[in-house]
Amino acid sequence: MIWKSVVGKLWATILLLVGFVLFVLTMFLLQFFQQYHVQEIKDDLKRTADKVSFIMEEHQNLELALDITGELMDDATRVIFFMEKGDQFYLPDDRDVHLPVEIFQKENLLPHILATGESVEVEISPPGEINTDEYSNVRVVGTPFIKPDGEHGVAFIYQSLEVVRDTANETTKLILLAAGIAFVLTTVFAFFLSTRISAPLLKMREAAFEVARGKFDTKVPILTNDEIGELATAFNQMGKQLKYNMSALRQEKEQLSSILSSMADGVITLNRDGTILMTNPPAERFLQYWNYDKSNTEIIEGLPSKVYDLFQSAVLTEQEQTGEISLQMRTWTVIVSPLYNQSSVRGAVAVVRDMTEERKMDKIRKDFIANVSHELRTPISLLQGYSEAIVDDIASSEEEKREIAKVIYDETLRMGRLVNDLLDLASIEAGHISVHQEDVKLYPYFDRVLKKFYGIAKEKEITLDLQGFSQDDTFHFDEDKMEQVLTNLIDNAIRHTPPGGKVQVNGKVIDKGLLLEIIDNGSGIPEEDLPFIFERFYKGDKSRTRGRSGTGLGLSIAKNIIDAHEGHISVQSQVGQGTTFSIFIPRKSRENGKS
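Here the residue numbering is sequential within each chain, running from 1 through the sequence in written order. Per-residue local features of the predicted model are confined to residues with pLDDT of at least 70, and side-chain atom pairs are confined, for both listing and counting, to 80 or more; whole-chain, interface and lining totals are unaffected and use all residues. Only hydrogens and water are set aside when side-chain values are computed; all heavy atoms of the structure are taken into account.

Draft legend 1. Examining the sheet that holds strand β18 (residues 568-574) more closely. What makes two strands pair is DSSP finding at least two bridges between them. Only DSSP runs of H or I covering at least 4 residues are called helices, and only runs of E covering at least 2 are called strands; the numbering of each starts at the N terminus. An order of β14-β16-β17-β19-β18 is seen for the five strands of this open sheet, with the pairing classed as mixed. Single-partner strands in this sheet number two, and they are β14 (463-467) and β18. Sheet twist, expressed as the mean angle between neighbouring strand axes with direction ignored, is 10°. Relative to strand β16 (residues 502-509), β14 runs parallel, the two sharing five bridges. Opposite D465, over in β16, you have Q504 as the bridge partner. The convention used is that axes are lines fitted to C-alpha atoms, helices contributing only their stretch in contact, and that angles between N-to-C directions extend from 0 to 180 degrees.

Here's what the structure looks like:
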């Protein structure tokens, strides 16, 4: 509605103000003109009375004096002459239009004027009329005069105030007409002025709604140089600044979102009551791990109970809290820090770091130190013991000395193999391995590798067999590195296969690559050891017996060599039935191989 708008309110305000001013001014003008007309009648009657008195005193001829006096009178003015001898004269001559003579005598006007010789001004009410207002009275001026012959007389000049009423009515009509015209003009002017003032404001309102909807390019036209123009300029500058600030906030938000999404650590933002406000992908994976464990019922407000306890401690103490959570063979470190809103805590941020690999690497490091120490302590102890036997001349015969020297030699070789394997493994894991691939005829190559073990196999009564390759099969790989892999696998198979057993090498060339299997029917590997079979220093022989026991690094080296060929190696085994190592080398390794 228009009355609720700025135009209507401004318009109504101007109309009320102007209307009030016009009303007060009209009242004052009406009062002024009424008093003015009454005073004009009084003054006119007084002047007329003076003239009549002068004429009557200056003219001896009464009829001439009356005629002259009659010429002075207007239609509304009446004159009655009272002579001392009792004569009465009327102007105009028609007595019906005059007041009764008794009124002048009744009011004691005539005797008073004759006695005092002074003029009198009074207002009297006509007989037979109800005095409803001041305009119903008659204004009377009585003035004495003396004829040239010495006769005294009194002239009563009177006029009804109804003339003032008529004049006042006409004046009131004119004033009201002028006020009405002024009010109409004011209405038009007020509407025009309010519209002109409010039009830029309406455009600013529309522009403000556009800005609220995100259209910060909206501009308000600057039509004037006054305060409204300055307001439009300020609005346009505000929109420009808002656009810049929103763009900066959007960029910061996108940057923060990208940083959070690319972080390896999980981030969970919480408000004061523990409700999750924001998470990044690692944090979502952490919560999924927690929620996936159906046996875990300790979930509060969508958070694991341990995280919620850390959150409450951080909020209450306003200090950083740290804890560790283990779930489904994984370990997370949680750091909860309070977030502040000026001086008060408004929530907290939890940083979740997956420490599984770090804990695993710590375990591997500790196991590596323990295994290396164990592997070196045994041969060193033997070397020390047998060396002391030689020094103390405990070995009396040459045969015993040769046996002691052979043991020392074997242990030296064992230590050399361990050191060489450690150096190879360190070089491979550091990325220093070089794969020199070339075309290799498969049957002669694998046959040559197997022949190295014929002596050992014959000694242990183990059968070696090669299956699957034809004389013409070729493939592209590093001949020396693959021989190292096959040597480790075949050696392990022979060492863990009892007399009368069999070790078989199967191979097949397919479109995608080369498939190899090293199969034995030996003691097998326990199922709980299979996930760790390719780790350093793993040994299926838990008692770590001597003899032909390896260093525990061969399978780890083999896996790294296969990985360098972009292939993969796996193992299947059952205790008491045997073990199968499967190797796959893709053909694309030929294109991507290092030369």
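From this point, the discussion proceeds with the structure in view.
Draft legend 2. Spatial organisation of helix α4 (residues 109-116). L109, L110 and I113 are the residues of α4 that are buried. One side of α4 carries all its buried residues, which in axial view fall inside an arc of 95°. Note on α4: the residue one or two positions beyond its end, G117, has a positive phi of about 75°. Only protein chains enter the accessibility calculation, which uses a 1.4 Å probe. A residue is then buried if its area is under 20% of the maximum for its type, exposed if over 50%, and partly exposed in between. This arc is taken over the directions from the axis of the helix to the C-beta atoms.

Draft legend 3. Region of interest: unusual backbone geometry. With omega at -5°, the peptide bond leading from L91 into P92 counts as cis. On the secondary structure map, P92 appears in the loop between β2 (88-91) and α3 (101-106). Phi is positive for E318, which is not a glycine, with a value near 55°. The exposure class of E318 is partly exposed, given its relative accessible area of 40%. Positive phi is not limited to glycine here, since E461 has a value of about 60°. Classification of E461 as exposed rests on a relative accessible area of 56%.

Draft legend 4. A look at the nonpolar core. Of all hydrophobic cores here, the largest spans 43 residues; its most connected members are F446 and I583. The element that contributes the greatest number of residues to this core is helix α13 (residues 479-495), accounting for seven residues. If we ignore the near neighbours within four places in the chain, the residues touching I583 are V485, L489, L514, L515, L516, I518, I562, H568 and I569. Nonpolar cores are built from buried Ala, Val, Leu, Ile, Met, Phe, Trp, Tyr and Cys residues. Side-chain atoms within 4.5 Å join them into one set. We call two residues in contact when some of their heavy atoms are within 4.5 Å.

Draft legend 5. Examining the packing of aromatic side chains more closely. Two rings from Phe, Tyr or Trp (for Trp, the six-membered ring) form a pair when their centres are within 6.5 Å of each other. A pair whose planes differ by under 30 degrees is stacked, one over 60 is edge-to-face, and the rest are tilted. Counted according to the given criterion, the structure contains ten aromatic pairs. Where F81 meets F145, the ring centres are 6.2 Å apart and the plane angle is 80°; that geometry is what we call edge-to-face. Here F81, found in strand β1 (residues 77-83), pairs with F145, found in strand β4 (residues 138-146); they are 64 residues apart in sequence, far enough to count as distant. Aromatic rings pair up to connect Y445, F446, F469, F475 and F477 into one cluster.

Draft legend 6. Quick peek at the layout of surface pockets. Points on a 1 Å grid, built from protein atoms alone, make a cavity when a 1.4 Å probe fits but cannot get out and make a pocket when they are open with protein on both sides within 12 Å along at least 5 of 7 lines; residues with an atom within 4 Å of a point are the lining residues. Grid points are joined across faces, edges and corners, and a volume is the space filled by probe spheres set on the points. As a volume, the second largest pocket reaches approximately 390 Å³. Take the lining of the second largest pocket: its biggest share by element is seven residues, from helix α9 (residues 356-391). Grouping the amino acids of the lining of the second largest pocket by side-chain chemistry returns three nonpolar, two polar and seven charged. Polarity classes work like this: nonpolar for Ala, Val, Leu, Ile, Met, Phe, Trp, Tyr, Cys and Pro, charged for Asp, Glu, Lys and Arg, and polar for all others, with Gly in that last group.

Draft legend 7. Geometry of the side chain of T331. Inspection of the secondary structure puts T331 in strand β11 (residues 330-341). Those residues in contact with T331, other than ones at most four positions away along the chain, are E324, I325, S326, R353, D354, M355, T356 and R359.

Draft legend 8. Structural detail: the packing of helix α5 (residues 162-212) against helix α6 (residues 227-262). Look at α5 against α6: their axes get within 10 Å of each other, and the N-to-C directions meet at 5°. Overall, the two elements α5 and α6 adopt an arrangement that is roughly parallel. Contacts from I197, P200, L201, M204, A207, A208 and V211 in α5 reach I228, L231, A232, F235 and L242 in α6. Of the residues contributing to the contact of α5 with α6, the split by class is twelve nonpolar, no polar and no charged. Orientation labels follow simple angle bins: below 35 degrees gives roughly parallel, above 145 gives roughly antiparallel, 65 to 115 gives roughly perpendicular, and whatever is left gives oblique.

Draft legend 9. Representation of the pattern of salt bridges in the model. Whenever Lys or Arg places a side-chain nitrogen within 4 Å of a carboxyl oxygen from Asp or Glu, that contact is recorded as a salt bridge. All chains considered together, the criterion is met by 16 salt bridges. One salt bridge in this structure joins E123 and R139, with 3.5 Å as the shortest N-O distance. Residue E123 is located in strand β3 (residues 120-124), and its partner R139 is located in strand β4; the two are separated by 16 residues in the primary sequence. Put simply, K451 and D447 hold a salt bridge, and the shortest N to O gap is 3.4 Å. Of the two residues, K451 and D447 are both situated in helix α11 (residues 442-451); the distance of four residues between them amounts to about one turn of the helix. One connected set of salt bridges, linked through shared partners, spans R448, K452, E479 and E483.

Draft legend 10. Broad picture of the pairing of strand β12 (residues 344-354). Examined bridge by bridge, strand β6 (residues 266-271) and β12 share six bridges and lie antiparallel to one another. When the sheet's bridge partners are listed, T269 is paired in β12 with V349. Relative to β12, β11 runs antiparallel, the two being bridged by ten bridges. Paired with Y340 across the two strands is V345, which belongs to β12. Linking β11 back to β12 in an antiparallel pair, the connection comprises two residues, with Q342 at a positive phi of about 60°.

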